[in-house]
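For reference, the chains in residue letters:
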Amino acid sequence: MKKLLMPITMLTLAACGGAPTEGTDDTTGAVEQGAGGCNGSCVNKSPITTGCDNDAVSVYNQKAPIYGAAGSAAGSGAYLGYVELRWSASCQANWARVVVTNSAMRGKSVEVVLQEYNYGGRVLEWFTVPSNAPIPYYIWTGMWDGQVDMRGCGWIEWANQANCTNWG
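The structure displayed is predicted, hence computed values, not measured ones.

Conventions adopted
- Residues numbered from 1 in each chain as written.
- Predicted model: local features only at pLDDT ≥ 70, side-chain atom pairs only at ≥ 80, totals over all residues.
- Heavy atoms only, no water.
- Helix = DSSP H or I, 4+ residues; strand = E, 2+ residues; numbered from the N terminus.
- Buried < 20%, exposed > 50% of the residue type's maximum accessible area, 1.4 Å probe, protein only.
- Contact = heavy atoms within 4.5 Å.
- Areas by Shrake-Rupley, 256 points an atom, 1.4 Å probe, with all protein chains shown as cover.
- Pairing = 2+ DSSP bridges.
- Disulfide = S-S within 2.5 Å.
- Core = buried A, V, L, I, M, F, W, Y, C linked by side-chain atoms within 4.5 Å.
- Salt bridge = Lys/Arg side-chain N within 4 Å of Asp/Glu carboxyl O.

Caption draft 1: Focus on the overall build of the protein chain. The secondary structure content of the protein chain amounts to 1 helix and 11 strands. Per-residue burial for the protein chain yields a buried fraction of 49% across its 168 residues. Sequence separation of 24 or more characterises 65% of the internal contacts of the protein chain that already satisfy a separation of 6 or more. Accessible area for the protein chain stands at about 7400 Å²; split by element, carbon and sulfur atoms hold 50% of it.

Below, the structure written as structure tokens:
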């Protein structure tokens, strides 16, 4: 059984390749065939187009909140959304997801990071995109092998700071 993973802090923002993956949890994309929908490896693949999101859960049911800063469109201390580390048992993979829940954040930048515990919190995936879709708005990283400890971190424009899940 794979070990489930948890939180991070955005410190290093190294580009990890690939285009940002964003959406509103629309699972109508084509499902890749093979083991767990990933054809043997889920690394850098979308949890949505592979179908891995179908059995996904938040690791330890943890959702790390993201709050607004002074002067933000939503107001100081306002709840903007949350970041979570996701896990798919069928795909044996993890990914990070930020959910924007505050409508004042529509059109603001959203950042999501997946980090690996080994190698000093090395960034595995990192994306920044504008949240132009209806609220709630979801942005996620590509997936990574669920055999290593990871965490997810997120930031929403006007947030007082990034927040991360626990390491898992």
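Caption draft 2: Spatial organisation of the side chain of Asn 102. Among the secondary structure elements, Asn 102 is positioned in the loop between β5 (93-100) and β6 (109-116). For Asn 102, a relative accessible area of 17% translates into the label buried. Among all residues touching Asn 102, those that are not within four sequence positions of it are Ala 74, Ala 78, Tyr 79, Leu 80 and Ile 135.

Caption draft 3: Structural context of the sheet that holds strand β10 (residues 150-156). Spatially, 4 strands are ordered β7-β6-β10-β11 in an open sheet, and the strand pairing comes out antiparallel. With one partner strand each, in any of the chains shown, β7 (123-130) and β11 (163-164) form the two edges of the open sheet. With 7 bridges joining them, β6 and β7 adopt antiparallel strand pairing. Each bridged residue has a counterpart across the sheet, and for Val 112 the counterpart in β7 is Phe 127.

Caption draft 4: Molecular detail of the state of the cysteines. In this structure the tally under the stated criterion is 3 disulfides. Each sulfur in the disulfide pair Cys 52 and Cys 91 lies 2.0 Å from the other. Looking along the S-S bond of the Cys 52-Cys 91 disulfide, the torsion reads about -90°, which is the left-handed sense. Taken together, the residues span a long stretch of sequence, with Cys 52 in the loop between β1 (21-23) and β2 (57-58) and Cys 91 in the loop between β4 (79-88) and β5 at a distance of 39 residues. The exposure class of Cys 52 is buried, given its relative accessible area of 0%. Bridging Cys 153 to Cys 164, the disulfide has an S-S length of 1.9 Å. One disulfide, between Cys 153 and Cys 164, carries an S-S torsion of 110° and so falls in the right-handed class. In this pair, Cys 153 sits in strand β10 while Cys 164 sits in strand β11, placing the two residues 11 residues apart along the sequence. Going through the protein chain in sequence order and numbering each bonded cysteine, the pairs you get are 1-2, 3-4, 5-6.

Caption draft 5: Region of the structure containing the nonpolar core. Core analysis: the biggest nonpolar cluster contains 25 residues, and Val 98, Val 100, Leu 114, Ile 139, Met 150 and Ile 156 have the highest contact counts within it. Looking at this core, the elements that each hand over two or more residues are β3 (64-67), β4, β5, β6, β7, β8 (137-140) and β10. With 4 residues, the single largest contributor to this core is β4. If near-sequence neighbours (up to four positions away) are discounted, Val 100 is found in contact with Leu 80, Gly 81, Met 105, Val 110, Ser 131, Ile 135, Pro 136, Tyr 137 and Ile 156. One finds Cys 42, Cys 91, Trp 95 and Tyr 138 within the second-largest nonpolar core, a separate group that totals 13 residues.

Caption draft 6: Structural view of the pattern of salt bridges. If you walk through the whole model with that rule in mind, you get 3 salt bridges. A salt bridge links Glu 84 to Arg 86; the nearest nitrogen and oxygen atoms lie 3.8 Å apart. As far as burial versus exposure is concerned, Glu 84 and Arg 86 are alike and both buried. Glu 84 is the salt-bridge partner of Arg 97, the closest N and O atoms lying 2.5 Å from each other. In this pair, Arg 97 sits in strand β5 while Glu 84 sits in strand β4, placing the two residues 13 residues apart along the sequence. Like Glu 84, Arg 97 is buried. Put simply, Glu 84, Arg 86 and Arg 97 are held in one network by salt bridges that share partners.

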